[in-house]
Amino acid sequence: MTGLATALGVPIDDPTPPREFHHSRAGCRLHGFDWGGVGAPVVLLHGGGLTARTWDFVCLGLRGAVRPIAPDLRGHGDSGWSDDYRIDTMAADVVAAADHLGLDRFALVGMSLGGVVAAHVAAARPDRVERLALVDVAPGVNFEGTRRARAFVAGLGPVPELDTVVEAAMRVNPRADRPSVAYRVSTLFRRAPDGNWVPKGDPRPPDFAGILAAMDRMAALLTGVPVLLVRGGRSGVLPRSTAEHLVERIPDGRLAVVPNAGHNVQEDNPAALVGVLRGFLTHHS
């Protein structure tokens, strides 16, 4: 992990692995990583189909300035599956994780689905959220831009070797960095009792109608907190005009564009994202 982060240009102050934590809410067992650090706590929420480990390189880079905390949303990573994936339910999970860790006030970073959840946390608990960074998500996003990735993940079944998945991922995106893809795949799969590798996430399709409805309410929710919207420079999911439209509707909003990054900004260009987030998260109005 640290070798890959260094190769990607991420500054590392402390290479120590994060501490895992577990807690439960509403009958669902939840999991996350507390990276420690010297600054104020920042909770980072991953996108749909990803896990908390999508933030590994970013957390390594932020650790010298803040205390990054990355939970697995329910149905993802090492958190339990559920019959309730409503945005409000996942937002309540985030607040429960903060309570479990003894966090009074914290900043939020949310990518894609995680950004929708983060916006609802900020609206529901303005007394707890200091500031909010949204990564490549806004009302009006082009979900069709994620179709190929969704189809790829949905088509993954049990495989005897993870290299099979890496090869398939490289065919989907030949420009990707192979060692980074191999690392990402290793965090998305677990070994089943029969020895095969299977995806960690709940295979049931997400409630896109519910997610889109929650996304449409985002602008109205973001009136009482400083907001940074980060767009991947070559994102096919969030057009620049759509990003600019959201920022114009937020009283304390600003836009940053990370070059050489698509929708998964935190994986495509973590070093640049670290720089952008550091400046926003450590700025005191």
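The structure under discussion appears in the preceding block.
So, here is what we can say about the structure in this document.

Basis of the calculations
Residues numbered from 1 in each chain as written. Predicted model: local features only at pLDDT ≥ 70, side-chain atom pairs only at ≥ 80, totals over all residues. Heavy atoms only, no water. Axes fitted to C-alpha atoms, helices over the stretch in contact; angles between N-to-C directions. Helix = DSSP H or I, 4+ residues; strand = E, 2+ residues; numbered from the N terminus. Parallel < 35°, antiparallel > 145°, perpendicular 65-115°, else oblique. Contact = heavy atoms within 4.5 Å. Pairing = 2+ DSSP bridges. Buried < 20%, exposed > 50% of the residue type's maximum accessible area, 1.4 Å probe, protein only. Right-handed = clockwise from strand over helix to strand, strands pointing away.

1. Remarks on the packing of helix α3 (residues 87–100) against helix α4 (residues 113–124)
The interhelical angle for the contact between α3 and α4, taken along N-to-C directions, is 70°, at an axis separation of 8 Å. By the angle between their axes, α3 is roughly perpendicular relative to α4. Of the residues in α4, those in contact with Ile87, Asp88, Met90, Ala91, Val94 and Val95 of α3 are Leu113, Val116, Val117, His120 and Val121.

2. Comments concerning the sheet that holds strand β3 (residues 41–45)
In space, the 8 strands of this open sheet follow the order β1-β2-β4-β3-β5-β6-β9-β10, with mixed pairing throughout. Edge positions in the sheet fall to β1 (19–25) and β10 (253–258), since each has one partner strand and no second. When strand polarity is set aside, the average angle formed by the axes of neighbouring strands in this sheet is 25°. Pairing geometry for strand β6 (residues 129–135) and strand β9 (residues 227–232), over 4 bridges, is parallel. Bridge pairing in β9 links Ala133 to Leu228. Each of β3, β5 (106–111) and β6 is contacted by α4, which is oriented at about 150° to β5, the strand it contacts most. Packed onto the sheet, helix α12 (residues 270–281) meets β3, β5, β6, β9 and β10 and runs at close to 170° relative to β9.

3. Here we look at the pairing of β5
Summarising burial for β5: 6 of the 6 residues are buried, a large majority. Relative to β5, β3 is paired through 4 bridges, and the arrangement is parallel. Bridged to Leu44 within β5 is Val109. Note that β5 and β6 share 5 bridges and pair parallel. Counterpart to Phe106 in the pairing with β6 is Val129. On the question of chirality, the crossover connecting β5 to the parallel β6 by way of α4 is right-handed.

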